[in-house]
Amino acid sequence: MGMRTGRDDEDDLDESHEINVTPFIDVMLVLLIVFMIAAPLATVDTDVDLPESNAAAHPRDAQALFLSLAPDRSLQLDETPVAPEQLAAALDAASGGDRERRVFLRADRAIDYGSVMAVMNRLRDAGYRHVALVGLEAAPAP
């Protein structure tokens, strides 16, 4: 009869003393994707009560500039207040002189049509002809 001692190493499995980093990499990739999706959604914090629109939503352009027209008729380029006379210079500085970049115009619903057209005229005079109006998605009709 044979007896086994604790010294027989040929049948034992080798122990691994390394950390398995695969779960950590998976978590980091998921977090990266979450932040890549969430970051563009948090770009404009100007409080504007947008009117509703039934137009289809377009994909968001990462290169776009957001111009907000507040109820007091003040202008903000992204989150920076801009005087109407300085709008062309501020747009050139923000876009690096690229007048082909799209400008998203956000106007409060309390603003009259003439004020919105005045801002659009300033944009056209500055050479920015790619202007998109921003609105809220309308609720589907019951």
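Look a little higher up for the structure.
Cut-off values and rules
Residues numbered from 1 in each chain as written. Predicted model: local features only at pLDDT ≥ 70, side-chain atom pairs only at ≥ 80, totals over all residues. Heavy atoms only, no water. Salt bridge = Lys/Arg side-chain N within 4 Å of Asp/Glu carboxyl O. Buried < 20%, exposed > 50% of the residue type's maximum accessible area, 1.4 Å probe, protein only. Pairing = 2+ DSSP bridges. Helix = DSSP H or I, 4+ residues; strand = E, 2+ residues; numbered from the N terminus. Axes fitted to C-alpha atoms, helices over the stretch in contact; angles between N-to-C directions. Right-handed = clockwise from strand over helix to strand, strands pointing away. Core = buried A, V, L, I, M, F, W, Y, C linked by side-chain atoms within 4.5 Å. Contact = heavy atoms within 4.5 Å.

Undergrad: How should I be thinking about the pattern of salt bridges in this particular structure?
TA: Pairing of side chains with opposite charge becomes possible as their charged atoms draw close. On inspection of all chains with the given rule, the structure shows 2 salt bridges. Salt-bridge contacts for R99 lead to D92; the nearest nitrogen and oxygen are separated by 3.0 Å. Using a relative accessible area of 37% as the deciding quantity, one classes R99 as partly exposed. You can call D92 partly exposed: its relative accessible area is 25%.

Undergrad: Help me understand the sheet that holds strand 5 (residues 103-107), please; the structure alone is not making it clear to me.
TA: Each strand in a sheet pairs with another by means of backbone hydrogen bonds, the pair being arranged parallel or else antiparallel. One open sheet accounts for 5 strands, arranged 4-3-2-5-6; its pairing is mixed. Each edge of the sheet is formed by a strand with only one pairing partner; in this case those strands are strand 4 (80-82) and strand 6 (131-133). Across the sheet, the mean angle from the axis of one strand to that of its neighbour is 30 degrees, orientation sign disregarded. Where strand 5 meets strand 6, 3 bridges bridge the pair, whose relative direction is parallel. Looking across to strand 6, one finds that L105 is bridged to L133.

Undergrad: It is not clear to me how the pairing of strand 2 (residues 65-69) should be interpreted in this structure. Could you clarify?
TA: In regular strands, side chains alternate between the two faces of the sheet. Counting buried residues in strand 2 gives 5 out of 5 residues, a clear majority hidden from the surface. Bridge count for strand 2 against strand 5 is 5 bridges, and the pairing is parallel. Each residue of the ladder has a partner; that of F66, found in strand 5, is F104. Two elements, strand 2 and strand 3 (residues 75-77), share 3 bridges in a ladder whose sense is antiparallel. In the sheet register, S68 faces strand 3, and the bridge partner there is Q76. Between the antiparallel neighbours strand 2 and strand 3 lie 5 residues, among them R73 with a positive phi of about 65 degrees.

Undergrad: How should the pairing of strand 5 be read in this particular structure?
TA: Across the 5 residues of strand 5, 5 count as buried, placing the element largely inside the fold. Burial along strand 5 is two-sided: the face carrying V103, L105 and A107 and the face carrying F104 and R106 are both buried. For the crossover that starts at strand 5, traverses helix 3 (residues 113-126) and ends in the parallel strand 6, the hand is right-handed.

Undergrad: Explain the nonpolar core here, please?
TA: Side chains that are nonpolar tend, in soluble globular proteins, to be buried together. Grouped together as the largest cluster of nonpolar side chains are 17 residues, with contacts concentrated most on L67, L69, L87, L91, V103, V119 and L123. Where this core is concerned, the elements lending two or more residues are strand 2, strand 3, helix 2 (87-95), strand 5 and helix 3. Take this core: its biggest share by element is 4 residues, from helix 3. When sequence neighbours within four positions are dropped, the list of residues in contact with L67 reads L75, Q76, L77, L87, V103, F104, L105, R106, V119 and L123.

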